[in-house]
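Each chain is listed here by its residues.
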Amino acid sequence: MANTNGYVKVGELATVTGLTVRTLHYYDEIGLLSPSGRSGAGHRLYSNDDVQRLYRIGLLRTLGLRLDEVAAALDDPAWDLTGVMVRHVAELDRRLAVGHRLRQRLTTMVATVTDQRSLDTRELLDTLEDMAMLDTKIQRRIPTLVYRDIAAAHDYLTTVFGMEPGRISRGEDGTVHHAEVTAGDGVIWLHQVSEQFKLQSPITLGACTEGMSIVVEDVDAHFRHAKAAGAEILYEPTDQFYGYRDYSARDLEQRLWSFMTPLD
């Protein structure tokens, strides 16, 4: 990376990490990664220590930690990254042991069936138990929303609806083909229109065939922010019979969003 008197410019840092400048600005705003320097024009400049901290942030994010958990981990001298990795290794060892035991059980059962002998009920139950221990089922859901203008959608969702900005992927011509935002405990992918897979934006179809419901801490505060930022509000916060206080709004491509807080 090019540098200015030992510092890295925010744009350069965004380019090499795959993050957006907006994401780095957001990290600064929440105190997760504040640049050590500023240029004469006031632009953010990152030191070697700052870059190392960003590396640690990325590492902790890959372990599934939320941003607040990442901040706590980085600023807590008692937080033990080695301990977390050791527990991860122990879990992998446990799964390998179960897998090995299951293989032995199945090999024995194959021999039993081949010899035309009846399978022991206890052996079947133990096998089912081991299978259940290894059955990971669905591990994660990633909603994919289609937009004609992914860059504009990314900016709108983070600015108006307050989602956490994520990675933006561009082609050689600078066109955005993929972007990500995080809403609470999950990531949302923003996908380009595709004739091949018959993917279209609601603004093109003239109708919305799906929507997103997001649980927030304070739905009234969220509503006030979204309205002030220019969101198209369909109805204001309302106590619903299904146990939530919610409101609905549309984004810039007419997708329906509902934001809600559980009623006490």
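Everything quoted here is computed from the prediction, not taken from an experiment.

Caption draft 1: Structural context of the overall build of the protein chain. Scanning the protein chain from N- to C-terminus turns up 9 helices and 11 strands. The principal-axis extents of the C-alpha atoms in the protein chain amount to approximately 80 × 55 × 45 Å. Counting contacts in the protein chain only where the partners sit at least 6 residues apart, residues at least 24 apart contribute 51% of the total. A total of about 16,200 Å² of accessible surface is found on the protein chain, and carbon and sulfur atoms cover 53% of it. Each charge class in the protein chain was averaged separately, 28 positive and 38 negative side chains, and the resulting centres sit 3 Å apart.

Caption draft 2: Focus on the pairing of strand S6 (residues 176–183). In terms of burial, S6 is a largely internal element, 7 of the 8 residues being buried. Bridge count for strand S5 (residues 164–170) against S6 is 5 bridges, and the pairing is antiparallel. Residue pairing for S6: Ile-168 is matched across the bridge by Ala-179. The turn joining S5 and S6, which pair antiparallel and follow one another in sequence, is formed by 5 residues; a positive phi near 90° is taken by Gly-174.

Caption draft 3: The side chain of Arg-53, seen in detail. Relative to the assigned elements, Arg-53 resides in helix H3 (residues 48–62). Residue classification places Arg-53 among the buried residues on the basis of a relative accessible area of 19%. Residues within four places of Arg-53 in sequence aside, it is in contact with Gly-31, Leu-32, Leu-33, Leu-74 and Asp-75.

Caption draft 4: Representation of a nonpolar patch on the surface in the model. A surface patch of nonpolar side chains, amounting to about 210 Å² of accessible area, comprises Val-113, Leu-119 and Leu-124. In this fold, Val-113 is placed in helix H5 (residues 81–114).

Caption draft 5: View of helix H1 (residues 10–17). Taken as a whole, H1 has its buried residues at Val-10, Leu-13 and Ala-14. When H1 is viewed along its axis, its buried side chains cluster within an angular range of 100° and face the same direction. Structural note: H1 exposes Thr-15 and Val-16 on the side pointing more than 90 degrees away from its buried face. Just past H1, the residue Gly-18 takes up positive phi, approximately 80°.

Calculation criteria
- Residues numbered from 1 in each chain as written.
- Predicted model: local features only at pLDDT ≥ 70, side-chain atom pairs only at ≥ 80, totals over all residues.
- Heavy atoms only, no water.
- Helix = DSSP H or I, 4+ residues; strand = E, 2+ residues; numbered from the N terminus.
- Contact = heavy atoms within 4.5 Å.
- Areas by Shrake-Rupley, 256 points an atom, 1.4 Å probe, with all protein chains shown as cover.
- Lys, Arg positive; Asp, Glu negative; His and termini not counted.
- Charge placed at Lys NZ, Arg CZ, Asp CG, Glu CD.
- Buried < 20%, exposed > 50% of the residue type's maximum accessible area, 1.4 Å probe, protein only.
- Pairing = 2+ DSSP bridges.
- Patch = residues over 30% accessible without salt bridge, like charges linked within 9 Å, V, L, I, M, F, W, Y side chains within 5 Å.
- Salt bridge = Lys/Arg side-chain N within 4 Å of Asp/Glu carboxyl O.
- Arc of directions from axis to C-beta.

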